[in-house]
Every structure is written in structure tokens, then in C-alpha cells.
Amino acid sequence: MKFVVATLAFVSIGLVMTAAGGSTIQGTVKATGLASSADAVVYLQQVPGTFPAPAKAADMDQRSMQFTPHVLPIVVGTAVRFLNSDPTPHNVFSPDHEKYNLGTWPQGQTKDHAFATCAKAPCTYVQLCRVHPEMEAYVVVLQNPYFAVTAADGHYKIDNVPPGTYSLAVWHAKVKAQPKPVTADASKPAVVDFVLAQ
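The model shown is predicted, which means the values in this text are computed figures rather than measured ones.

Considerations on the state of the cysteines
Okay, so step 1: Enumeration according to the criterion identifies 1 disulfide in this entry.
Okay, so step 2: Paired through a disulfide, Cys118 and Cys123 show a sulfur-sulfur distance of 2.1 Å. Handedness of the Cys118-Cys123 disulfide follows from its S-S torsion of about 95°: it is right-handed.

Description of unusual backbone geometry
Okay, so step 1: Of note, the bond from Thr68 into Pro69 is cis; its omega dihedral lies within 30 degrees of zero at 0°.
Okay, so step 2: Omega for the peptide link from Ala121 to Pro122 comes to 0°, which places this bond in the cis form.
Okay, so step 3: A positive phi is found at His97, a non-glycine position, where the angle reads about 55°.
Okay, so step 4: As for its position among the elements, His97 is in the loop between β7 (90–94) and β8 (100–105).

Comments concerning the environment of Ser37
Okay, so step 1: Topologically, Ser37 is positioned in the loop between β1 (23–31) and β2 (41–44).
Okay, so step 2: For the pair Ser37 and Val195, spaced 158 residues apart in the sequence, the C-alpha separation amounts to 9.9 Å.
Okay, so step 3: The contacts of Ser37, once residues within four sequence positions are left out, are Val29, Lys30, Ala31, Thr150, Ala151, Ala152, Asp153 and Gly154.
Okay, so step 4: Side-chain polar atoms of Ser37 contact the backbone oxygen of Val29, separated by 3.4 Å.

Here we look at the sheet that holds strand β14 (residues 164–171)
Sheets are built from strands paired through backbone hydrogen bonds, the pairs being either parallel or antiparallel.
Okay, so step 1: On the basis of which strands lie adjacent, the open sheet formed by 4 strands has the order β12-β2-β14-β15 and antiparallel pairing. In this open sheet, the two strands that pair with only one neighbour each are β12 (147–149) and β15 (180–184). With strand direction ignored, the average angle separating the axes of adjacent strands in the sheet is 25°.
Okay, so step 2: With 5 bridges connecting them, β14 and β15 associate as antiparallel partners. Along β15, the bridge assignment pairs Thr165 with Thr183.

What about the packing of aromatic side chains?
Okay, so step 1: Taken as a whole and assessed by the stated rule, the structure comprises 5 aromatic pairs.
Okay, so step 2: With a centroid separation of 6.1 Å and 35° between ring planes, the pair formed by Tyr100 and Tyr125 is classed as tilted. Here Tyr100 is found in strand β8, whereas its partner Tyr125 is found in strand β10 (residues 123–128), with 25 residues between them in sequence.
Okay, so step 3: Using a relative accessible area of 1% as the deciding quantity, one classes Tyr125 as buried.
Okay, so step 4: Geometrically, the ring pair formed by Phe115 and Tyr125 is edge-to-face, given 4.9 Å between the ring centres and 75° between the ring planes. Of this pair, Phe115 sits in the loop between β9 (110–114) and β10 while Tyr125 sits in strand β10, placing them 10 residues apart in sequence. Residue Phe115 shares its accessibility class with Tyr125, and that shared class is buried.
Okay, so step 5: Cluster of aromatic residues (ring-pair linked, three or more members): Tyr100, Phe115 and Tyr125.
Okay, so step 6: Sitting above the plane of the Phe93 ring, Arg130 keeps its charged end 3.9 Å from the centroid.

A short note on the sheet that holds strand β6 (residues 79–84)
Okay, so step 1: A sheet is described by the order of its strands in space; here 4 strands give the open sequence β4-β3-β6-β9, paired in mixed fashion. Two strands in the sheet have a free side with no partner beyond their single neighbour: β4 (66–68) and β9. Along the sheet, successive strands turn relative to each other by an average axial angle of 20°, direction set aside.
Okay, so step 2: Here strand β3 (residues 58–63) pairs with β4 via 3 bridges, running antiparallel. Opposite Gln62, over in β4, you have Phe67 as the bridge partner.

Re the nonpolar core
Okay, so step 1: Among the nonpolar cores identified, the biggest contains 24 residues, and Ile25, Leu44, Tyr156, Ile158, Leu168 and Phe194 are the most heavily contacted of them.
Okay, so step 2: At the level of elements, β1, β2, β13 (155–161), β14, β15 and β17 (194–196) are the ones that each hand at least two residues to this core.
Okay, so step 3: Each residue touching Leu168, except ones within four places of it in the same chain, is listed here: Ile25, Val42, Tyr43, Leu44, Tyr156, Ile158, Pro179, Lys180, Val182, Val192 and Phe194.
Okay, so step 4: If you look at the next biggest cluster of nonpolar residues, it comprises 19 residues, including Met60, Phe67, Trp105 and Cys123.

Scoring rules and cut-offs
Residues numbered from 1 in each chain as written. Predicted model: local features only at pLDDT ≥ 70, side-chain atom pairs only at ≥ 80, totals over all residues. Heavy atoms only, no water. Disulfide = S-S within 2.5 Å. Helix = DSSP H or I, 4+ residues; strand = E, 2+ residues; numbered from the N terminus. Contact = heavy atoms within 4.5 Å. Polar contact = N/O pair within 3.5 Å; in protein donor to acceptor, adjacent residues only side chain to side chain. Pairing = 2+ DSSP bridges. Axes fitted to C-alpha atoms, helices over the stretch in contact; angles between N-to-C directions. Phe/Tyr/Trp six-rings, centres within 6.5 Å; stacked < 30°, edge-to-face > 60°. Buried < 20%, exposed > 50% of the residue type's maximum accessible area, 1.4 Å probe, protein only. Lys NZ or Arg CZ within 6 Å of the ring centre and 35° of its normal. Core = buried A, V, L, I, M, F, W, Y, C linked by side-chain atoms within 4.5 Å.

Right, dumping it as C-alpha cells:
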């Protein structure tokens, strides 16, 4: 009985240490001159280790004549599933990097594209529709899964970051800022704010 209790106590301590081992990085991004600070990608530039792509594809919808989400960050190797939810046919293509054109398909159908390589993150792919040139979105390919997309008020939060010192950067389609150093400490959140400008 004592052995069982000791084993359970050891397992419980291990679970607590695992849960407490990750750090949080959070803050606010201000996009100067824009009506909203949404859709900025805040990410760690380089994290030691390898990060396998998730088995499940990430989703980007074409709904109400818009790509949703407008900005989709992913880990390199991830496949993106493009769904057409509109009653009109849509196309998906990108002129960036290796370039691709997935063709045109009707409502309810999907097509996948795997973003298998990225020589130097972030690798940005604009998503366009040949049928409706006003439609535009972005897939941002990154080296690791420690990233977040800002809300309309510019707030972001990255959880479960391994403790250590990193370079924190921001990608935005229209404005930019220099990366900042950040130390991830499991005992308290790190707060880093950015002001983006032309």
C-alpha cells in the first residue's frame, strides 16, 4: 500500500512539474496608421529542436467572398485544407516561393496543399482567387509552434513556451517592427509589446 501511495505521489509531482514547466509570453501589438491591430503574427524566431507538423490539416475557408482566417500561421510541413463554402466557384493560387495553383472547385468541396519547405522563416504565401481578385489571405510558415495571432485590440498570448532566452518577432502584411529579446520563465509571464510602422 505504501508503494502504491508513493508511486501515485511521484506521478502527481511529475504532472505538476510538467504543467508548470511551460512559460507564457504575452503583450500588445499596435499597428500604427491602421484601423485594427488584428492579424499580426507574433512568433519565436528560432527554438532548438524539431517540430513535426500536425497530422490534421489546418483549415482555411472561402466564405462570404473572403478567406477565413485572413492570416493562418502554421509549422513547416503542415497541410492546409481549403474549403469553398460559397455558392459560387472559387480558386486558390499563390505566386510566392514554389508557387501553386490548386484549380477551381464548387461549394462544399476541398483541396489540400502541404507547405513542406521553408528555407528561412517566416515564409509567407499570399492566397488569391483567380475568379475573385479582391479576395486575399496569408499563410505564414514558421519553424516552431510558439506563435499567436493578434486580436483586433492587438493582444496576443503564447503559452507552453520552454524556459529560455529567445528572439520574439512580428509579421504583418502592411507594417513591421524589429524583433525583441525575451526570456521565458515558468515562474511568471513575460510581457513584450510592439509598435508596428511602415
